[in-house]
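Structural characterization, general
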Amino acid sequence: MSRRHGRGRDLAVLLDDFGHPLPPVQREPVGERCTSPFPVAVPRRGPRGRGRGRAVALAPLSVWRMTSEQTPVVWPLIATSGLPPTGAQMGIDLLSGGAFYCDPVGWVTDDDIPVTNPNVVVFGKPGRGKSATVKAFALRMLGYGYRTLVLGDTKDEYEPLCRALGVEPIAVGHGLSARVNPLDFGPLGHGWDRLPAAEARRREALVFARWIVLLRGLVGSQHVPFGPVEETAVGEALRLLTGYRSGATRLTEVTVPQLWRALDEPPDALITSCRYADRRHFLDATRTLRDALGSLVKGSLAGLFDDRTTIAVDWRAPIQSLSLSRLEPLGDQAVGMALTCLNSWGQAMREIADPGDLRIVVRDETWRQMRLGAEAMKSLDANLRLSRRDADVQILLAHKPSDMLTAGDATSQAVAIARDLLHLCDVKVLHGQDQAVGDELGELLGLTPIAQRVVTGWAVAGKGRALWLVGDRAFKVQTVLTRPELELTYTNEALTGGRPA
């Protein structure tokens, strides 16, 4: 008998005490452990038995053998490695099921992401959510120190966003007090009298080069040639008017009417510096140039870009918008020329930016500027090429890629520049498009048939759906907007007469 609080004997000991020993248990020898995850071979049709998953017929499968480099070509929308969770959280990547973040500058600085510039181009049919995506991105990037500059809001789409952030948008139009001088010096003209000679020459080259690009675009948009003769005349006139030619320590700001009058009534110093025999020779050689500049002073844009800048832009504000909606009745050419002027002015304001001054520059309806011809597109081309240096995220919006190719004939220089602009944007956001645009996307952007069907099928079925191309990586993204963002990005008030439901 065991003790009351002690440890008892087991059954085998009890039976042994009464002469009934139990037979010993034979242990199986321990062999090598199987390391295969599938130790038993399963028949091709599956294991027999109820509920075991046995197939009556074999599936018609084909076997392909390829390398990891060839696989993305055959199946381009297989979920690739995700992007880092930095920047604005835009929505859901439906290929991987995770959140999708947009950080163009961060992608450029990350060697693991195939992006070399922070420029973004957004395509989509009207009503597919491309402007809402851009507004949500600008709003969410405020928390990361980014500010937004809208150069030419042609439909006043950004007014609600500006007012929600406490900023009154600036409207440019006839009868309004706002004036923008596209020949503004910008920050480069500050403290000219205190600059060393080498720095003064460097700034002079930047300022006059920007002015020449602008005037070449404005003159060329009227189908007037702007060759070496015209460039020499304009360049010498600008140097005389600013005082740079005479060695002035403080340069004088020039306007388009002053330049036009200097060419229309040339002083002797201008005639001599341009190497003309007499005044009549100068006037005959520059007749078409003077007529083109005169149309800017007396034409549809008179009173808008022909005086000194009267607006005071707060560059520390979260957003600034320059509205051009009042120019819509003047036609696409007038709006395109106004966009060209704002483009040059905006570049001047950003030529000397403080380190860390990150800016999102939104350019809507860029196809209007492109239709002015090759010369008008060179200013936009320069901005895209310098975005990495200036820490600017340039965002171009258009309905479809072919809008950018209407700048000229298929073999023209303007179309060649337009194609280059697409390659200067390493991030492409493709919202829903009609089926007819599918082949166009494949030709211009190199989309595979599967990717084309995503844009022309899945993306059309809902707002905010888009195929994001980040370098050579594809992401199937559904943008998600909060309730306040829905109200700020709603653009159908004229159709519905109110706010979104």
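The rules behind the values
- Residues numbered from 1 in each chain as written.
- Predicted model: local features only at pLDDT ≥ 70, side-chain atom pairs only at ≥ 80, totals over all residues.
- Heavy atoms only, no water.
- Helix = DSSP H or I, 4+ residues; strand = E, 2+ residues; numbered from the N terminus.
- Buried < 20%, exposed > 50% of the residue type's maximum accessible area, 1.4 Å probe, protein only.
- Contact = heavy atoms within 4.5 Å.
- Areas by Shrake-Rupley, 256 points an atom, 1.4 Å probe, with all protein chains shown as cover.
- Pairing = 2+ DSSP bridges.
- Expected span 1.5 Å × (residues − 1).
- Phe/Tyr/Trp six-rings, centres within 6.5 Å; stacked < 30°, edge-to-face > 60°.
- Lys NZ or Arg CZ within 6 Å of the ring centre and 35° of its normal.
- Axes fitted to C-alpha atoms, helices over the stretch in contact; angles between N-to-C directions.
- Parallel < 35°, antiparallel > 145°, perpendicular 65-115°, else oblique.
- Nonpolar A, V, L, I, M, F, W, Y, C, P; charged D, E, K, R; others polar.
- Core = buried A, V, L, I, M, F, W, Y, C linked by side-chain atoms within 4.5 Å.
- Lys, Arg positive; Asp, Glu negative; His and termini not counted.
- Salt bridge = Lys/Arg side-chain N within 4 Å of Asp/Glu carboxyl O.
- Polar contact = N/O pair within 3.5 Å; in protein donor to acceptor, adjacent residues only side chain to side chain.

Here's the deal with the overall build of the chain
Of regular secondary structure, the chain possesses 20 helices and 11 strands. The buried share of the chain, reckoned over its 501 residues, is 48%. At a minimum sequence separation of 6, the contacts of the chain that also span at least 24 residues come to 71%. Of the roughly 26,000 Å² that the chain leaves accessible, carbon and sulfur atoms contribute 53%.

Let's talk about unusual backbone geometry
Even without being glycine, D156 reaches a positive phi, approximately 55°. Examined against the element boundaries, D156 turns out to sit in the loop between β4 (147-153) and α5 (159-164). A residue is classified by how much of its surface remains accessible, and D156, at 22% relative accessible area, is partly exposed. In this structure, R275 is a non-glycine residue whose phi angle is positive, near 65°.

With respect to helix α17 (residues 436-445)
In terms of burial, α17 is largely enclosed, as 7 of its 10 residues are buried. For α17, the set of buried residues is V437, G438, E440, L441, G442, L444 and L445.

Thoughts on the pairing of strand β2 (residues 98-102)
In this sheet, β2 lies alongside strand β1 (residues 88-93) in antiparallel orientation, the contact comprising 5 bridges. Bridging from a neighbouring strand, G91 pairs with F100 of β2. Between β1 and β2, which pair antiparallel in sequence order, lie 4 residues; one of them, G97, sits at a positive phi of approximately 85°.

Some points on helix α12 (residues 332-349)
Spanning 18 residues, α12 covers 25 Å between terminal C-alpha atoms, matching the ideal 26 Å at 1.5 Å per step. With respect to burial, α12 is a largely interior element, 16 of its 18 residues being buried.

Quick word on the environment of C425
Checked against the element boundaries, C425 lands in the loop between α16 (413-423) and β9 (427-431). Exposure remark for C425: the relative accessible area of 1% places this residue in the buried category. Between the alpha carbons of C425 and G471 there is a distance of 9.0 Å; along the sequence they are 46 residues apart. Sequence-distant contacts of C425, that is, excluding residues within four places in its chain, are made with N117, N119, V120, V121 and L384.

Describing the packing of aromatic side chains
Counted under the stated rule, the structure contains 6 aromatic pairs. On the numbers, 5.2 Å between centres and 80° between planes, the contact of F208 with W211 is edge-to-face. With a gap of 3 residues between them, F208 and W211 both fall in helix α6 (residues 197-220), about one helical turn apart. Note on accessibility: F208 and W211 belong to one class, buried. The aromatic ring of F208 is capped on one face by R239, whose charged end is 4.5 Å from the ring centroid. If you follow K476 out to its NZ or CZ, it ends over the ring of W458, 4.9 Å from the centre.

Re the packing of α6 against α12
At their nearest, the axes of α6 and α12 sit 10 Å apart, and the two run at 175° to each other. Of the possible angle classes, the one that applies to α6 and α12 is roughly antiparallel. Taken together, the residues of α12 that come into contact with α6 (itself represented by R210, L214 and L218) are M337, T340, C341, S344, Q347 and A348. Considering only residue class, the contact of α6 with α12 consists of 5 nonpolar, 3 polar and 1 charged.

Comments concerning the nonpolar core
Proteins that are soluble and globular tend to have nonpolar side chains buried together. One finds V234, L238, L263, F282 and L293 to be the most contacted residues of the largest nonpolar core, which totals 63 residues. Those elements that place two or more of their residues in this core are β4, α6, α7 (228-242), α8 (256-264), α9 (268-273), α10 (279-285), α11 (287-298) and α12. Looking at which element gives the most residues to this core, the answer is α12, with 10 residues. Beyond its immediate stretch of four places on either side in the chain, V234 contacts I212, L215, F226, L259, L263 and L289.

Re the side chain of R473
Position of R473 among the secondary structure elements: in strand β11 (residues 473-479). Buried charged residue R473 carries no salt bridge. Nearest counter-charge: D472, at 4.9 Å. Of the polar contacts made by the side chain of R473, one reaches the backbone oxygen of D112; its length is 2.9 Å.

A look at the pattern of salt bridges
Inspection of the entire model under this criterion finds 18 salt bridges. E204 is the salt-bridge partner of R239, the closest N and O atoms lying 2.9 Å from each other. Of this pair, R239 sits in helix α7 while E204 sits in helix α6; the two residues are 35 residues apart in sequence, bridging distant segments of the chain. Comparing R239 with E204 shows no difference in burial state: the two are buried. We note a salt bridge from R245 to E236, for which the minimum N-O separation is 3.1 Å.

Brief notes about the sheet that holds strand β6 (residues 319-323)
One open sheet holds the 11 strands; their spatial order is β2-β1-β11-β10-β9-β3-β8-β7-β4-β6-β5, and the pairing between them is mixed. The two strands at the open ends of the sheet, each matched to only one other strand, are β2 and β5 (170-171). Along the sheet, α12 makes contact with β4, β6 and β7 (359-363), crossing β4 at roughly 155°.

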